[in-house]
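Chain residues, written in single-letter form:
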Amino acid sequence: VVQSTLDSLQKSIDEDLEIKDKSLRTFERLFVAAGGCKNIVLLLKEQLSTVTYSLPMSTLIPDFAEIDDAETAAELKIFSTALRQVCSLTCSPCDPEETIRLEFVKCGCVKVVVKAMRKFPRCAELQWDACAILWSLLQSSEGKKSGLKAGAMKALLTAINNHPSEYH
């Protein structure tokens, strides 16, 4: 059910990106007003905790088909999907007031993203999404403060060092 909901959310985001900026801005405002940022950050925290417990000392997110435990594979897929959606929402150029970015910062998204980067330092796709999220969230003064507390700069440098061909 969670994965279906996330997939529907991603479809809405993708469709709004293709329609026009005004539609996406309306979607973002509704998402913030409905508590979407808080809920998706809580989901990321919960899934990261579950995945961390299930995949201790993991440096690569394995292919979902390679995970023996179906429940762990589902949890990891939910986490990956939610992270991609945060990336889509925070990297949108349509929010001139940066409402959605500031809301994600207030909800603790920077800390969760940095934790995920530390947990999966060798996973290029996750690192790429995480770097894009941090780039967006660290633009504001609140984001910079949150990033300093969470160790975002070290996580960003580690990502660049671990994946030099990904970052030009």
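Since the model is a prediction, treat every value here as computed from it, not as a measurement.

Caption draft 1: A look at the overall build of the protein. Scanning the protein from terminus to terminus reveals nine helices and zero strands. Starting at the N terminus, the α and β elements of the protein follow one another as α-α-α-α-α-α-α-α-α. Among the 168 residues that make up the protein, the fraction classed as buried is 49%. Of the roughly 9300 Å² of accessible surface on the protein, 56% is carried by carbon and sulfur atoms.

Caption draft 2: Looking closely at the packing of helix H7 (residues 124-137) against helix H9 (residues 152-162). Their axes nearest at 10 Å, the elements H7 and H9 cross at an angle of 140°. Considered as vectors, H7 and H9 are oriented oblique to each other. For the pair H7 and H9, the crossing hand works out as left-handed. Residues Gln-127, Cys-131 and Leu-134 of H7 touch H9, and the partners they reach there are Ala-152, Ala-155, Leu-156 and Ala-159.

Caption draft 3: Representation of the nonpolar core in the model. In terms of nonpolar packing, the biggest core is built from 47 residues, with Phe-104, Met-117 and Leu-134 touching the most fellow members. For this core, the secondary-structure elements that each account for two or more residues are helix H1 (2-19), helix H2 (21-33), helix H3 (36-54), helix H4 (70-90), helix H5 (99-106), helix H6 (109-119), H7 and H9. No other element matches H4, which puts eight residues into this core. Apart from the residues lying within four places of it in its own chain, the contact partners of Met-117 are Leu-126, Gln-127, Ala-130, Cys-131, Leu-134, Ala-155, Leu-156 and Ala-159.

Caption draft 4: Molecular detail of the packing of aromatic side chains. By the definition in use, this model includes zero aromatic pairs. One cation-aromatic arrangement involves Lys-119 over Phe-120; the distance from NZ or CZ to the ring centre is 5.8 Å.

Caption draft 5: Spatial organisation of the confidence of the model for the protein. Averaged over all residues, the pLDDT of the protein equals 81, while 78% of them reach at least 70. The spread of mean pLDDT over the elements of the protein runs between H1, the lowest at 67, and helix H8 (residues 141-150), the highest at 94.

Caption draft 6: Spatial organisation of a positive patch on the surface. On the surface, Lys-45, Lys-111, Lys-115, Arg-118 and Lys-154 cluster together into a positively charged patch. At three residues, the largest contribution of residues to the positive patch is made by H6. Mapped onto the secondary structure, Lys-111 falls in helix H6.

Caption draft 7: Layout of the side chain of Ser-136. With respect to the secondary-structure elements, Ser-136 resides in helix H7. Not counting chain neighbours up to four residues away, the residues in contact with Ser-136 comprise Thr-90, Cys-91 and Arg-101.

Caption draft 8: How the structure looks around the packing of H3 against H5. Look at H3 against H5: their axes get within 9 Å of each other, and the N-to-C directions meet at 45°. It follows that H3 is oblique to H5 by the angle criterion. Of the two elements, H3 crosses H5, and the hand of that crossing is right-handed. Across the interface between the two elements, Cys-37, Ile-40 and Val-41 of H3 pack against Ile-100, Glu-103 and Phe-104 of H5.

Criteria and cut-off values
Residues numbered from 1 in each chain as written. Predicted model: local features only at pLDDT ≥ 70, side-chain atom pairs only at ≥ 80, totals over all residues. Heavy atoms only, no water. Helix = DSSP H or I, 4+ residues; strand = E, 2+ residues; numbered from the N terminus. Buried < 20%, exposed > 50% of the residue type's maximum accessible area, 1.4 Å probe, protein only. Areas by Shrake-Rupley, 256 points an atom, 1.4 Å probe, with all protein chains shown as cover. Axes fitted to C-alpha atoms, helices over the stretch in contact; angles between N-to-C directions. Parallel < 35°, antiparallel > 145°, perpendicular 65-115°, else oblique. Left-handed = near helix turned anticlockwise from the far one by under 90°. Contact = heavy atoms within 4.5 Å. Core = buried A, V, L, I, M, F, W, Y, C linked by side-chain atoms within 4.5 Å. Phe/Tyr/Trp six-rings, centres within 6.5 Å; stacked < 30°, edge-to-face > 60°. Lys NZ or Arg CZ within 6 Å of the ring centre and 35° of its normal. pLDDT = per-residue confidence, 0-100. Patch = residues over 30% accessible without salt bridge, like charges linked within 9 Å, V, L, I, M, F, W, Y side chains within 5 Å. Salt bridge = Lys/Arg side-chain N within 4 Å of Asp/Glu carboxyl O. Lys, Arg positive; Asp, Glu negative; His and termini not counted. Charge placed at Lys NZ, Arg CZ, Asp CG, Glu CD.

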